Each structure stands twice: as C-alpha cells, then as structure tokens.
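# Structural overview
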Amino acid sequence: MGQKGATGGGSGEGAEDPRVTELRSAVARLRRELAAHPAEFLDRGIAEEELAALAAMARDGAPEVPRLRRSLLLIAGAVGSVSALGAALTGVRNAVELFGGPPGSTGE
C-alpha cells in the first residue's frame, strides 16, 4: 500500500494521495453548498462540525477510515433530507468510499 504517514501533515512531500485530494474537494464543495443554503434545519450544526472534522482529516493527509465513516453517517443524517445538498453529499460519500468499501465488502 501507499504511505500512511503520521498525523502531522506533510506540506512539502511530493505527490499527495489522490483519495485525500478527492476527499478534500468533496468536503469543500459540500461545505460551500451548506453555507449557501438559506434554510435553517435542526442538525445543521452537526453537519458543519463533522464537515470541519473531515476537512481536518483531509488536511492531515492520513484519515482514519472508521472516523471517516462515522462523520459521513452523521452528515448524511443531518443533511440527507435536504435535496438541494444531495449531489454534494453523494460526492463526500464517494470520496469516503475510496478509502475502502463498506465493512464486510473486503473482508474487514
């Protein structure tokens, strides 16, 4: 497998893991769309907090898969009923899945 690196972000270390790049991009898109969404909803704060956590993991460059999945579930629960955010949420889900399929699909 590729380098897993320590949790200190490698700011000048050559090529970045493309999965991390995709995660960073997807999270940034959903954060922008959530910020621009005019309606308030009960769990908006939860979604914002978990998106910030995902952004931090992507910035560090070595996200922990169980934590990625937990954040994704919380975000999906918080914004899943807001259809305007559906495409961006799907992008985050797809980016998380790049780190490994659902538990049980690869013998986890």
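Anything mentioned here points back to the structure above.
In what follows, the accompanying structure is described. Remember, it's a predicted structure, so these values are computed and weren't measured experimentally. (Residues numbered from 1 in each chain as written. Predicted model: local features only at pLDDT ≥ 70, side-chain atom pairs only at ≥ 80, totals over all residues. Heavy atoms only, no water.)

With that settled, the discussion passes to the overall build of the chain. Helices and strands together make up the secondary structure of the chain, namely four helices and zero strands. Listed N to C, the secondary structure of the chain is α-α-α-α in terms of helices and strands. A buried classification covers 32% of the 108 residues belonging to the chain. Only carbon and sulfur atoms are counted for the fraction: they give 55% of the accessible area of the chain, which is about 6,500 Å². (Helix = DSSP H or I, 4+ residues; strand = E, 2+ residues; numbered from the N terminus. Buried < 20%, exposed > 50% of the residue type's maximum accessible area, 1.4 Å probe, protein only. Areas by Shrake-Rupley, 256 points an atom, 1.4 Å probe, with all protein chains shown as cover.)

Our focus in this paragraph is the side chain of S71. Positionally, S71 belongs in helix α3 (residues 65-79). Engagement of the side chain of S71 in a polar contact is seen with the side chain of R67, the distance being 2.6 Å. Excluding residues that lie within four positions of it along the chain, S71 makes contacts with E50, A53, L54 and M57. (Polar contact = N/O pair within 3.5 Å; in protein donor to acceptor, adjacent residues only side chain to side chain. Contact = heavy atoms within 4.5 Å.)

Between helix α1 (residues 18-36) and helix α4 (residues 86-97), the shortest axis-to-axis distance is 8 Å and the interhelical angle comes to 160°. When the axis of α1 is compared with that of α4, the two are roughly antiparallel. Judged by the twist between their axes, the crossing of α1 over α4 is left-handed. Together, E22, L23, A26, V27, R29, L30 and E33 of α1 and A87, A88, L89, G91, V92, A95 and V96 of α4 make up the contact between the two elements. Split by residue class, the contact of α1 with α4 holds ten nonpolar, one polar and three charged. (Axes fitted to C-alpha atoms, helices over the stretch in contact; angles between N-to-C directions. Parallel < 35°, antiparallel > 145°, perpendicular 65-115°, else oblique. Left-handed = near helix turned anticlockwise from the far one by under 90°. Nonpolar A, V, L, I, M, F, W, Y, C, P; charged D, E, K, R; others polar.)

Moving on, we come to the nonpolar core. Soluble globular proteins tend to pack their nonpolar side chains together in the buried interior. L23, L30, V79 and V92 are the most contacted members of the largest nonpolar core, which has 27 residues in total. At the level of elements, α1, α2 (44-60), α3 and α4 are the ones that each hand at least two residues to this core. The contact partners of L23, leaving out residues within four places of it in the chain, are L54, A58, P63, L68, A95, V96 and F99. (Core = buried A, V, L, I, M, F, W, Y, C linked by side-chain atoms within 4.5 Å.)

Our focus in this paragraph is the packing of α2 against α3. Their axes nearest at 9 Å, the elements α2 and α3 cross at an angle of 150°. Taken as axis vectors, α2 and α3 run roughly antiparallel relative to one another. For the pair α2 and α3, the sense of crossing is left-handed. Listed contacts from α3 to I46, A47, E50, L51, A53, L54 and M57 of α2 are R67, L68, R70, S71, L74, I75, A78 and V79. Of the residues assigned to the contact of α2 with α3, the class counts are eleven nonpolar, one polar and three charged.

Position of G77 relative to the elements: it lies in helix α3. In this structure the C-alpha to C-alpha distance between G77 and I46, which are 31 residues apart in sequence, comes to 9.3 Å.

Quick look at the environment of N94 now. Along the chain, the position of N94 falls in helix α4. Taking the C-alpha atoms as reference points, N94 and E22, 72 residues apart in sequence, are found 8.9 Å from one another. Within the structure, the side chain of N94 is placed 3.2 Å from the side chain of R93, a separation counted as a polar contact.

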